[in-house]
Amino acid sequence: MKTERIIIAPSILAADFTRFEVQIRAIEEGGADWVHIDVMDGQFVPNITFGPVIVKAVKKMTSLPLDVHLMVHEPDHLIPAFVEAGANRLTVHVEAIKHIHRTLSLIKELGANSGVTLNPGTSASTLDAVMEHVDLVLVMTVNPGYGGQSFIHSTLKKIEVIAGMINEVNPDIYLEVDGGIDTKTAPLVTAAGADALVAGTAVFRSPDIAQSIDALRK
């Protein structure tokens, strides 16, 4: 069941990898709810980041749920490895998949929560046929592929529309946002209906991780 408070999911893409385990422990001690892991394959997006080995390592460092965002072209062949590594939820892009129902069913069959992601330029209407099959909808508020980008304000209307869809279909579905989230944009997306915030730079580049998490939640 969905919690009533706003979920904070720090993205390890912005972490200091020379102090990786220290920072993972810091976000857990600082009150984070999930650990967000951005997986990029160099095809669907230009960058290349993490694989199942990193997910498995992070699983050993924290008791927080692992929120794994697959920015991967045709990810079906990778999903079993990420679930086995410890992913609690796997989110896939509608733009990257030919048979979205099959992919979402696979995630659930393997025991993880299923999520679907929309890029800034993708219409909310693409969710019409899949809302009953997801536990989470992730709206990208920047174009995926790199951290530290500026928030795209035109995505706010789409967040409002999807929030309405969730309320009609299943209020327990999380509405997550990712991209340019900080203390200025967090109030905008939560007012639009988001209840899970991915933040990288705003958390990991702060001198006080616990304070930054608390500030985002407030």
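Procedures and definitions
Residues numbered from 1 in each chain as written. Predicted model: local features only at pLDDT ≥ 70, side-chain atom pairs only at ≥ 80, totals over all residues. Heavy atoms only, no water. Buried < 20%, exposed > 50% of the residue type's maximum accessible area, 1.4 Å probe, protein only. Helix = DSSP H or I, 4+ residues; strand = E, 2+ residues; numbered from the N terminus. Arc of directions from axis to C-beta. Contact = heavy atoms within 4.5 Å. Polar contact = N/O pair within 3.5 Å; in protein donor to acceptor, adjacent residues only side chain to side chain. Pairing = 2+ DSSP bridges. Right-handed = clockwise from strand over helix to strand, strands pointing away. Core = buried A, V, L, I, M, F, W, Y, C linked by side-chain atoms within 4.5 Å.

(A) Spotlight on helix H8 (residues 209-217). Every buried residue of H8 is listed here: Ile209, Ser212, Ile213 and Leu216. Down the axis of H8, the buried side of the element spans an arc of 100°, and every buried residue falls inside it. Contacts from the buried residues of H8 go to strand S1 (7-10), helix H1 (20-29), helix H6 (186-192), strand S8 (196-199) and helix H7 (201-204). Backbone nitrogen of Ala210 and a side-chain oxygen of the N-cap are separated by 3.2 Å at the start of H8; the cap is Asp208.

(B) Quick peek at the pairing of strand S3 (residues 66-71). Of all the six residues making up S3, six are buried; the element is thus mostly covered by neighbouring parts of the structure. The sheet contact formed by strand S2 (residues 35-40) and S3 spans six bridges and is parallel. Within S3, the residue paired with Val35 across the bridge is Leu66. Read as a crossover between parallel neighbours, the route from S2 over helix H2 (residues 52-61) to S3 is right-handed. Looking at chain direction, S3 and strand S4 (residues 89-93) are connected through four bridges and run parallel. Following the sheet pairing, Asp67 is matched in S4 by Arg89. Handedness of the crossover is the feature at issue here: the chain leaves S3, passes through helix H3 (residues 79-85), returns alongside S4, and the resulting connection is right-handed.

(C) Here's a closer look at the nonpolar core. Of all hydrophobic cores here, the largest spans 66 residues; its most connected members are Ile37, Val68, Val137 and Ile162. The element contributing the most residues to this core is helix H5 (residues 155-169), with six residues. When residues no more than four places from it in sequence are discounted, the contact partners of Ile37 are Ile12, Phe50, Val55, Val58, Leu66, Asp67, Val68 and His69. Counting ten residues, the second-largest nonpolar core is a separate cluster that includes Ile7, Ala9, Met140 and Tyr174.

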